Amino acid sequence: AYPGDERAHNMLGGYYFGRQEYERAIAEYDKAIAINPEFSSPYNQKGYAHRALGQWSEAEAAFQKYIELIPDEPNPYDSYAELLMKMGRFEDSIAQYEKALQIKPSASLRAAVERCQENIDVAEHNKAVAEAERKQQEEEEQARLEYEEAQRKAEDEERRREEERSRKLAEEQR
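Attention in this report is confined to the structure presented alongside it. Residue positions are counted from 1 within each chain, in the order its sequence is given. Predicted model: local features are reported for residues with pLDDT of at least 70 only, side-chain atom pairs are reported and counted for 80 or more only, and whole-chain, interface and lining totals are derived from all residues. Side-chain measures here rest on the full set of heavy atoms in the structure, leaving out hydrogens and waters.

## Let's talk about the overall build of the protein
Here is step 1 of the chain: Within the protein, the secondary structure is distributed over 7 helices and 0 strands.
Here is step 2 of the chain: Along the first, second and third principal axes, the C-alpha atoms of the protein reach 120 × 35 × 25 Å.
Here is step 3 of the chain: Expressed as a percentage of the 174 residues in the protein, the buried residues total 30%.
Here is step 4 of the chain: Should any heavy atoms of two residues lie within 4.5 Å, those residues are considered in contact. Long-range contacts, defined as pairs at least 24 residues apart, comprise 41% of the intrachain contacts of the protein with a sequence gap of at least 6.
Here is step 5 of the chain: Averaging the positions of the 26 positive and the 39 negative side-chain charges in the protein gives two centres separated by 3 Å. Secondary structure counts use DSSP, requiring at least four H or I residues in a row for a helix and at least two E residues in a row for a strand, with both numbered from the N terminus. Only protein chains enter the area calculation, which uses a 1.4 Å probe; residues under 20% of their type maximum are buried, those over 50% are exposed, and those in between are partly exposed. Residues counted as positive are Lys and Arg, residues counted as negative are Asp and Glu, and His and the chain ends are not counted. Taken as the charge location is NZ of Lys, CZ of Arg, CG of Asp or CD of Glu.

Listed below in C-alpha cells is the structure:
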C-alpha cells in the first residue's frame, strides 16, 4: 500500500519537514499530491516547506490550492495569512485572517490580525522616519552646497580684491 498511499507520502514528508529537510519533504508532498490531487493536507505542509526555503511564489501557490480544496475551513486562510505576513503583505494577510475568522471565530486569529495591524503601523512609522531622514539629508546636502558656493564666492571676491590692490600698488610704483 505504501508506494500508492498518499497518506504515507504525506507522513514521510512530515518527517522530513520536522528534520528541516524541506526539499525532501516537498518531494514527498508532491508524491502524495500526484497520487491524490484532492488530498488537501500536503498542500498546506508544502506551502510551509517552501516558505522555510524562502520560495514565496511556490508557497503562495500551495496555500492557494489548499484554500481551493477546502474553502469552508479556517486553516487554509490562516496558513496563507501567515505567509503573507512573512512576506510583508500585511493588509492581504489581514484579509485572509478575516476570512478564517468568518468561518470560525478564534482568539488566536484575532491576535494574529492585531499583529498584522501592528506591523502595518510599524511599517508606516518606519516609512515616515525614512522619509524624514531622506529630507534631512537633502536639506543638509543643500546647505553644504550653499555653504561651499558662498565660500567660493568669498574666495573669488578676496582674490579679486587682492588683484585690485596689487594692480593699484603696481600703478603707484610706476
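Anyway, onward from the coordinates.
## Describing the packing of helix α1 (residues 6-18) against helix α2 (residues 22-35)
Two packed helices can be described by the angle between their axes and the distance between those axes.
Here is step 1 of the chain: Axes here refer to lines fitted to C-alpha atoms; in helices the fit is confined to the stretch in contact. Angles between the N-to-C directions go from 0 to 180 degrees. Their axes nearest at 8 Å, the elements α1 and α2 cross at an angle of 170°. Accordingly, the angle class assigned to the pair α1 and α2 is roughly antiparallel. Pair α1 / α2 crosses with left-handed handedness. Residues E6, H9, N10, L12, G13, G14, Y16 and F17 of α1 touch α2, and the partners they reach there are Y22, R24, A25, E28, Y29, K31, A32 and I35.
Here is step 2 of the chain: Basically, the charged four are Asp, Glu, Lys and Arg, the nonpolar ten are Ala, Val, Leu, Ile, Met, Phe, Trp, Tyr, Cys and Pro, and anything else, Gly included, counts as polar. In terms of residue class, the contact of α1 with α2 is built from 8 nonpolar, 4 polar and 4 charged. Roughly parallel here means an angle under 35 degrees, roughly antiparallel means over 145, roughly perpendicular means 65 to 115, and every remaining angle is called oblique. In this scheme, a crossing is called left-handed if the near helix is turned counterclockwise away from the far one by less than a right angle; it is called right-handed if the turn is clockwise.

By themselves, these are just geometric observations and shouldn't be taken as functional.
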